[in-house]
Amino acid sequence: MTEDWRAGGFGVYLHWPFCQAKCPYCDFNSHVAASIDQSRWQRAYLAEIDRVGSETKGRILDTVFFGGGTPSLMQPDLVAAILERIRATWATSNSFEVTLEANPTSVEADRFQGYRDAGVNRVSIGIQALNDLDLRALGRMHSVAEARSAFALAQKVFDRVSFDLIYARQNQSLTDWRAELREAVSMAADHLSLYQLTIEDGTAFGDRFARGRLPGLPVEDSAADMYFATQEICEAAGLPGYEISNHARPGAESRHNLIYWNCGDYLGIGPGAHGRLTSGGQRYATDTPRQPGAWLQQVETTGTGEVAREQIGAPDQLVELLMMGLRLRDGVSLARAQGRCEKDRLLLKINELHKIGMLDTSQNRLRATERGRAVLNAVLTELYDAIT
Amino acid sequence: MTELKNIRNFSIVAHIDHGKSTLADRLIQLTGTVAERDMKAQMLDSMDIERERGITIKANSVRIEYPARDGETYILNLIDTPGHVDFGYEVSRSMRAVEGSLLVVDATQGVEAQTLANVYQAIDADHEIVPVLNKIDLPAAEVDQVKAQIEDVIGIDASQAIEISAKTGIGIPDVLEAIVHRLPAPKGDSAAPLKAMLVDSWYDAYLGVVVLIRVMDGVIRKGDRIKMMKTGAVYGVDKLAVLKPQMVDIKELGPGEIGIFTGSIKQVRDTRVGDTITHEKKPTANALPGFKPAQPVVFCGLFPVDAAEFEDLRDAIEKLALNDASFSYEMETSAALGFGFRCGFLGLLHLEVIRDRLEREYDIDLITTAPSVIYKIHMRDGSEIELHNPADMPDLTHVDHIEEPRIKATILVPDEFLGDVLKLCQDRRGIQLDLTYAGSRAMVVYDLPLNEVVFDFYDRLKSVTKGYASFDYQLIGYREDVLVKMSILVNEEPVDALSMMVHRDRAEARGRMMCEKLKDLIPRHMFKIPIQAAIGGRVIARETIAAMRKDVTAKCYGGDVTRKKKLLEKQKKGKKKMREFGKVAIPQEAFINALKMDS
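Residues numbered from 1 in each chain as written. Chains lettered and ligands numbered in written order. Predicted model: local features only at pLDDT ≥ 70, side-chain atom pairs only at ≥ 80, totals over all residues. Heavy atoms only, no water.

Considering the domain arrangement of chain B
Residue and element names in this part refer to chain B.
Line of reasoning, step 1. For chain B, the assigned domains read domain 1 (4–182), domain 2 (195–279), domain 3 (298–369), domain 4 (376–481) and domain 5 (484–595).
Line of reasoning, step 2. Taken over C-alpha atoms, the centre of domain 2 sits 30 Å from the centre of domain 3.
Line of reasoning, step 3. Taken together, the seven residues of domain 2 in the interface contact seven residues of domain 3.
Line of reasoning, step 4. In total, domain 2 and domain 3 occlude about 530 Å² of area from one another, counting both sides; carbon and sulfur atoms represent 53% of this.
Line of reasoning, step 5. The interface formed by domain 2 and domain 3 holds zero salt bridges in total.
Line of reasoning, step 6. Along the contact surface separating domain 2 from domain 3 lie zero residue pairs in polar contact (both at pLDDT 80 or more). (Domains from an automatic or database assignment. Contact = heavy atoms within 4.5 Å. Buried area = accessible area lost by both parts, 1.4 Å probe. Salt bridge = Lys/Arg side-chain N within 4 Å of Asp/Glu carboxyl O. Polar contact = N/O pair within 3.5 Å; in protein donor to acceptor, adjacent residues only side chain to side chain.)

Structure, rendered in structure tokens:
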């Protein structure tokens, strides 16, 4: 039980909080800055690696993920210095995966080789749409042609390449999306992240939507049609959905993201980076200041980027296990779930959801069915009710 | 004690919005009864709901001192009567306490149905009536036509009508003079044994029950031992005061005077409106005739959305009932809704007012079940049952026939909307009794089943006539008809809160409409939900809510866990605003909205 995280693995997440421009749909912790002192950031990242390293001595590291913001704005030297320190801190597993999120502009593609040399072996490219008009509507700074050449270059440079698309965009029909997705799967990536456009509060799209200025978004039924078409087309192309929005050739799944979904341990380094850490038999949630300046200053003056860590009790651990694990086609192990709850109430609810075709409990695993995954929020609300 | 010849007691008869409260405010202001800085609009409407809706619910009173042009100072007592059809019975009672009425008619609108109902009550009470035309400053005022209408429709002389604008103050001094010179002084004998009428009573958190009285004969003083002749209860007069409109202590009240007393009375239920108050030691020989207590005519169940709030609801209802003897309640258990109360009201507005107060003043979210009237169920064995709740409908094999209450509805409406009004009444199983014209307005009188009126008749009337119709009704008795109990089944389970009695010929249309409404009001679930309307075992209407197909967060990574967990907590709280029926969660507002009819 205390070593439960091992079922998920151990990774490091590094947050680079800067972008060249803020996309109107994005609610991530990203900022636009005129100038960035990369050496100052380097010192802070390295200090944080040292700090969390001393707390996790002897562990074997499975993955590193550079997320953002736009990590492809980092100098390759900075990435190299960070990875060097990481390798000096932990032993790495045989399948060590280092992912970096990249935007497909030509400037950023020019750094690909440098990242490769620094130790990055997987990139996830934010292509978002295969149609120039929609790219502009999404506030992206690249064209389809640029994206395609960046992708082609990445395929030459890195072992593994994934790219993102956003669907259920304004005025996008099911037929449009089917055509675009067929084109995407023909590009021979081994991994695709396909996200339904979500209108988040506090974004430009959120404001526009609230004012009724974002017409043409699909209603529930057409969104459902697009989601199911996505599953079908990817499956047929040999890229089955292994998670709600992620599709991969078997073996090409994102190892780092699987740590999240399997509730492993991950260290969050950088402004606004969250972590989960098992220490002294307890599981903790860690957090850092969201603002880049505040984080830098805290690391420099107090020697830690962390704000108060919170212990996660057994019921909350179970909530997280189900919330994350049921996103996976493989679901979660029943034994892992049962260790943490008052069994009867949850089992009753699981049975009920099984009866209406939302959950499956074969082979000692708890899985959401294909229909269940499409309405996972409702499934989770029910389960949450039974746990808390 | 004031001399009888210097007292005038009166009420104001007016339709909603015709300016009754504004006129009262002006009279209070012009006579300096309330200091300018303490004036607020609608002085006499003390409840928030009264001010907001512009209606008077409880009778209230104010004593005005007026130095008239003849050099004498007069005491004018205004009793403000409720202005809504639900409270018509209270109006008739308070009118017995005064000798005259001002009939206020909006000169831009003319006579309305409620004006009519209330003025007839004033005539019944032998009032001297002074017609007052308000809003004469507005360009749309039609003074001559409205005067003619008063004479045609009501049948009283309008040649001496006073033309005023309560808003600007034009004509207010003439109103005060008319009260003094055209209304009669009260009669009474101060040497006779005490005889006072209990006009109204209300609960005050500091004073206990406050009793509004009108002295007929004799004198009441602070410290007296008085007896309520109907209930036999004896109290000491702890406080004696007049209302200006705030309480001002007074030593004694003589014949013709109006004031309040308190006497450690615990609840309003201990007092009977219309009861005679006399001295314990030297009682009067002739009690006043008294009144029947107002009877609730509309019933519904009130249940807390969150079952854990049942005790809070009980406390709140008990507190409200302290001040409103016309509202009845008893505990009710529903298979689906758990514990709640079956409550009786004077009408739909009364229901809404009580529900509003429970939700607002006591912060309890409520589920209101379908309003019902009292049906008389005649059993095969000759016995008779009063059915207040469709859930209690006995097995049909034992029922011989059912009677339902009918009303006489009077509607005044401009010509152009007459067709729509007739159609509405016809659709609601109405029988036309009369149709006459007064100028460009029609007066229609219908015999209607009360159960067709309690849902949303008034709302529909307002909407088809763009607000130009006025409506009043009185109960006229019971009549046999073909009534059936219609059940609503959600996911194959009957939802007793939605079952209702309905005429057989209307059942199918009604059932179809309810099913269509519920289809939109109940959110999609993970499974499809059949909604059915049924009479006995026979399904008469059916709709299906499709299963939810897509509701999943697109992105959920390490940084999202904490936030998404909070979202689950929020959704759990949102679910508490719904009640579960079997596996289906029905939102609170669905119960009320499902009952609204579109035609």
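What about the interface of chain B and chain A?
Line of reasoning, step 1. Facing 26 residues of chain B, the contacting portion of chain A comprises 47 residues.
Line of reasoning, step 2. Where chain B meets chain A, there are seven salt bridges.
Line of reasoning, step 3. Between B:K565 and A:E320 there is a salt bridge whose closest N-O contact spans 2.7 Å.
Line of reasoning, step 4. For the interface between chain B and chain A, the tally reads 25 residue pairs in polar contact (both at pLDDT 80 or more).
Line of reasoning, step 5. Looking at the side of chain B that touches chain A, its residues break down into nine nonpolar, five polar and twelve charged. (Nonpolar A, V, L, I, M, F, W, Y, C, P; charged D, E, K, R; others polar.)

Topic: helix α11 (residues 457–464) of chain B
Residues and elements named next belong to chain B.
Line of reasoning, step 1. Of the residues making up α11, those classed as buried are F457, R460, L461 and V464. End-on view of α11: buried residues confined to an arc of 100°, all on one side of the axis.
Line of reasoning, step 2. Buried-residue contacts for α11 involve β23 (399–414), α9 (418–427), β25 (441–449), α10 (450–453) and β26 (470–481).
Line of reasoning, step 3. After α11 finishes, the residue K466 shows a positive phi value of roughly 50°. (Buried < 20%, exposed > 50% of the residue type's maximum accessible area, 1.4 Å probe, protein only. Helix = DSSP H or I, 4+ residues; strand = E, 2+ residues; numbered from the N terminus. Arc of directions from axis to C-beta.)

With respect to the sheet that holds strand β13 (residues 332–333) of chain A
All names here are of chain A.
Line of reasoning, step 1. Spatial strand order, β13-β15-β14: three strands in an open sheet with antiparallel pairing. Since the sheet does not close on itself, it has two edges, and those belong to β13 and β14 (359–360), each with one partner.
Line of reasoning, step 2. For β14 and strand β15 (residues 365–368), the ladder comprises two bridges, and the chain directions are antiparallel. In the strand pairing of β15, L359 is matched with A368. (Pairing = 2+ DSSP bridges.)

Describing the side chain of A:S30
Residue and element names in this part refer to chain A.
Line of reasoning, step 1. By secondary structure assignment, the location of S30 is in the loop between β1 (10–16) and α1 (38–55).
Line of reasoning, step 2. Judged by its relative accessible area of 10%, S30 is buried.
Line of reasoning, step 3. At 2.8 Å, the side chain of S30 forms a polar contact with the side chain of K22.
Line of reasoning, step 4. With near-sequence residues (within four places) excluded, S30 lies in contact with P17, C19, K22 and G69.

Regarding the packing of α9(B) against α11(B)
Residue and element names in this part refer to chain B.
Line of reasoning, step 1. Packing of α9 against α11 leaves a shortest axis separation of 9 Å and a crossing angle of 160°. Taken together, α9 and α11 sit at an angle that is classed as roughly antiparallel. As for how α9 packs across α11, the hand of that crossing is right-handed. Side by side, α9 and α11 meet where D420, V421, L424 and C425 of the first sit next to F457, R460, L461 and V464 of the second.
Line of reasoning, step 2. The residue makeup of the contact of α9 with α11, split by class, is six nonpolar, no polar and two charged. (Axes fitted to C-alpha atoms, helices over the stretch in contact; angles between N-to-C directions. Parallel < 35°, antiparallel > 145°, perpendicular 65-115°, else oblique. Left-handed = near helix turned anticlockwise from the far one by under 90°.)

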